[in-house]
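Examining the three-dimensional arrangement
The primary structure of each chain is shown beneath.
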Amino acid sequence: VLRGHQQLYTRRGAWLWRFISFVAVGFPVSLRLSIGYFWTALALFLLPALLVGGLCLVDNSLIYSLMSDAEVSKMAEMYQPDNARPGRTIERSAESDFAMFGFYIFNNIGIGFRTFAMGILAGVGTVFTLFYNGLVIGGVAGYLSSLGYYDTFWPFVSGHSSLELTAIVISGASGLMLGRGVIAPGRYGRLDAIRLQAGRAVPLVMGAGLMLLAAAFIEAFWSASDLPNLIKYLAAAIL
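Being a predicted model, the structure only gives us computed values, none of them experimental.

Judged by nonpolar contacts, the single largest core of 28 residues is most densely connected at Phe27, Phe38, Ala41, Ile170, Leu204 and Met211. Looking at this core, the elements with two or more residues in it are α2 (15-33), α3 (35-58), α5 (97-117), α7 (150-183) and α8 (190-223). At 10 residues, the largest contribution of residues to this core is made by α7.

Here it is in structure tokens:
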């Protein structure tokens, strides 16, 4: 009881310094210690994205094997050249940037957390989530490029995608770590192995969540702006 009381009521200062330390040191160190999982997750996401993206660029009818007609039409509407607010459908173009910021937070962080949490299904859920998102994102990129929507699609996605997609891959790496605790506990009991792997994965999930939060801010307030495309590409390269 005494230890619990101290945990609850002890004054904790320097929270800003702890946050900066996590972003600058703790998160990068955790990622580098788990770099094998990261490269595996990246391959599971990027290879299908590049393959299907190239195929849809050559034959854009292939997109209909991944998405419904309504979903394809919605994507085309969001990035057609005469859309004053690229990345948004006509009915959502009037919504404020702040409202879209909330929507992007809900959507993006939800995807990242599901990618991690599905690792509890022996890693199969994480593998499927990474592979499926790679197929769809690559397919959409190839399809819209085949329509010639270069000046609306790529400037919009380039800014936030560096943080968003990398964060999803990091979430996938943490999910694979969780899955390893299930299928290969080693000398530990299975529950102990899951707890151990989850403890190692938590800093990755936290860091990925911060990246997704930043990506949502960029997507809402920067990506849909009317800034010149060159400036957007330069910012994307820096990010």
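Alright, that's what it looks like, and here's the rest.
A residue-level look at the chain finds 95% of positions with pLDDT of 70 or above and a mean pLDDT of 90. Across the chain, the secondary-structure element scoring lowest on mean pLDDT is helix α1 (residues 2-9), at 82, and the one scoring highest is α3, at 97.

Our focus in this paragraph is the packing of aromatic side chains. The tally for this structure, following the rule as stated, stands at 11 aromatic pairs. Residues Phe22 and Phe27 carry aromatic rings whose centres are separated by 6.0 Å and whose planes lie at 25 degrees to one another, so their mutual orientation is stacked. Among the residues examined, Phe22 registers a relative accessible area of 18% and is labelled buried. Exposure remark for Phe27: the relative accessible area of 11% places this residue in the buried category. Their ring planes at 90 degrees and their centres at 5.8 Å tell us that Phe101 and Phe217 sit as a pair that is edge-to-face. Note that Phe101 is positioned in helix α5 and Phe217 in helix α8, a separation of 116 residues in sequence. For Phe217, a relative accessible area of 47% gives the class partly exposed. Ring pairs connect the aromatic residues Tyr79, Phe153, Trp154 and Phe156, which therefore count as one cluster.

Let's shift gears to α3. The terminal C-alpha atoms of α3 lie 34 Å apart, and with 24 residues this matches the ideal 34 Å at 1.5 Å per residue to within 8%. Listing the buried residues of α3 in full gives Tyr37, Phe38, Ala41, Phe45, Pro48, Ala49, Val52, Gly53 and Cys56. On its buried face, α3 sits against α2, α6 (124-146), α7 and α8.

What counts, and at which threshold
- Residues numbered from 1 in each chain as written.
- Predicted model: local features only at pLDDT ≥ 70, side-chain atom pairs only at ≥ 80, totals over all residues.
- Heavy atoms only, no water.
- Core = buried A, V, L, I, M, F, W, Y, C linked by side-chain atoms within 4.5 Å.
- Buried < 20%, exposed > 50% of the residue type's maximum accessible area, 1.4 Å probe, protein only.
- Helix = DSSP H or I, 4+ residues; strand = E, 2+ residues; numbered from the N terminus.
- pLDDT = per-residue confidence, 0-100.
- Phe/Tyr/Trp six-rings, centres within 6.5 Å; stacked < 30°, edge-to-face > 60°.
- Expected span 1.5 Å × (residues − 1).
- Contact = heavy atoms within 4.5 Å.

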